[in-house]
Amino acid sequence: MHPPVTQFRPPGPAAHRPYRLLLVEDEKRLALSLAKGLMAEGYAVDVVHDGLAGLHQASEEGYDLVVLDIMLPGMNGYRVCGALRAAGHEVPILMLTAKDGEYDEAEGLDTGADDYLTKPFSYVVLVARVKALLRRRGRTAPPVLRVGSLAVDQGARRVERDGAEVALTTKEFAVLEQLALRAGEVVSKAEILEHVWDFAYEGDVNIIEVYVSALRRKLGAGHIVTVRGAGYRLVSGG
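Here the structure is a predicted model, which is why all the values come from computation and not from measurement.

(A) Highlighting helix H5 (residues 123-137). Here H5 spans 21 Å end to end across 15 residues, near enough to the 21 Å set by a 1.5 Å rise per residue. Of the positions making up H5, those classed as buried are Tyr123, Val124, Leu126, Val127, Val130, Lys131, Leu133 and Leu134.

(B) Broad picture of the packing of helix H6 (residues 170-181) against helix H7 (residues 189-196). Axis separation between H6 and H7 bottoms out at 10 Å; the angle between their running directions is 125°. With respect to their mutual orientation, H6 and H7 come out oblique. Between H6 and H7 the crossing geometry is right-handed. Where H6 abuts H7, its residues Lys171, Ala174, Val175, Gln178 and Leu179 lie against Ile192, His195 and Val196.

(C) Representation of the environment of Asp153. Counting through the fold element by element, Asp153 comes out in strand S8 (residues 150-153). C-alpha of Asp153 to C-alpha of Pro143: the two residues are ten residues apart in sequence and 6.7 Å apart in space.

(D) Spotlight on the packing of aromatic side chains. Across all of its chains, the model carries one aromatic pair by this definition. One cation-aromatic arrangement involves Arg20 over Tyr63; the distance from NZ or CZ to the ring centre is 4.6 Å.

(E) Quick peek at H7. Among all positions in H7, only Lys189, Ile192, Leu193, His195 and Val196 are buried. Buried residues along H7 sit against helix H1 (28-40), H5, H6, helix H8 (207-219) and strand S12 (231-234).

(F) Geometry of the side chain of Glu41. Take Glu41: it is sitting in the loop between H1 and strand S3 (44-48). Engagement of the side chain of Glu41 in a polar contact is seen with the side chain of Gln178, the distance being 2.9 Å. Look past the residues within four positions of Glu41 in its chain and what remains in contact with it is Tyr123, Val127, Lys131, Gln154, Glu177, Gln178 and Leu181.

Cut-off values and rules
- Residues numbered from 1 in each chain as written.
- Predicted model: local features only at pLDDT ≥ 70, side-chain atom pairs only at ≥ 80, totals over all residues.
- Heavy atoms only, no water.
- Helix = DSSP H or I, 4+ residues; strand = E, 2+ residues; numbered from the N terminus.
- Expected span 1.5 Å × (residues − 1).
- Buried < 20%, exposed > 50% of the residue type's maximum accessible area, 1.4 Å probe, protein only.
- Axes fitted to C-alpha atoms, helices over the stretch in contact; angles between N-to-C directions.
- Parallel < 35°, antiparallel > 145°, perpendicular 65-115°, else oblique.
- Left-handed = near helix turned anticlockwise from the far one by under 90°.
- Contact = heavy atoms within 4.5 Å.
- Phe/Tyr/Trp six-rings, centres within 6.5 Å; stacked < 30°, edge-to-face > 60°.
- Lys NZ or Arg CZ within 6 Å of the ring centre and 35° of its normal.
- Polar contact = N/O pair within 3.5 Å; in protein donor to acceptor, adjacent residues only side chain to side chain.

Written out as structure tokens, the structure is:
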């Protein structure tokens, strides 16, 4: 019997096959949030909630990357990773865990994981790690998003306006990237917060206004339009 798999696919026709990611995470709310976020980045994501299902999926399907929690029912992440490596599977593995400490990280890497991220973590850091592992594997680099005079290079994490580089902080870039990924659409503060800030963040959602104001100062006020009561839209003007 095959394990239940929840699939998340990016909307619209793709110019090329999207990266396929497997997310093995038993915290269902976190798994849903991560999967939706990664899908918004253009990835095709399959989700399972226990180690045995994760091992089955990773063994049977051709994934480009596995995001693997350590504390899982059925079989923990260390054992899943070790079994995949012992069977000759070379898929990149990013381990997630609520534990921390040098011993835990060393154990994860010793079993064959390629990278390690401790909860709670920033979504932007997770995406950066995913992109780095995929680049290391040798597939096409993430695209440069172009909106009018702006060029947002997702791989290099740099922004140009009219060909001149604009220096942004990590959070500023992450906010702009989310707007650029959905250029022309209204993106709510809650959606930006979910993708850019720590999952455990419980502060004021209006912190987004601070970063939008900073982006307007650096990029020009006309690029980011406020849609009152709804969110922000990145446009080609400015």
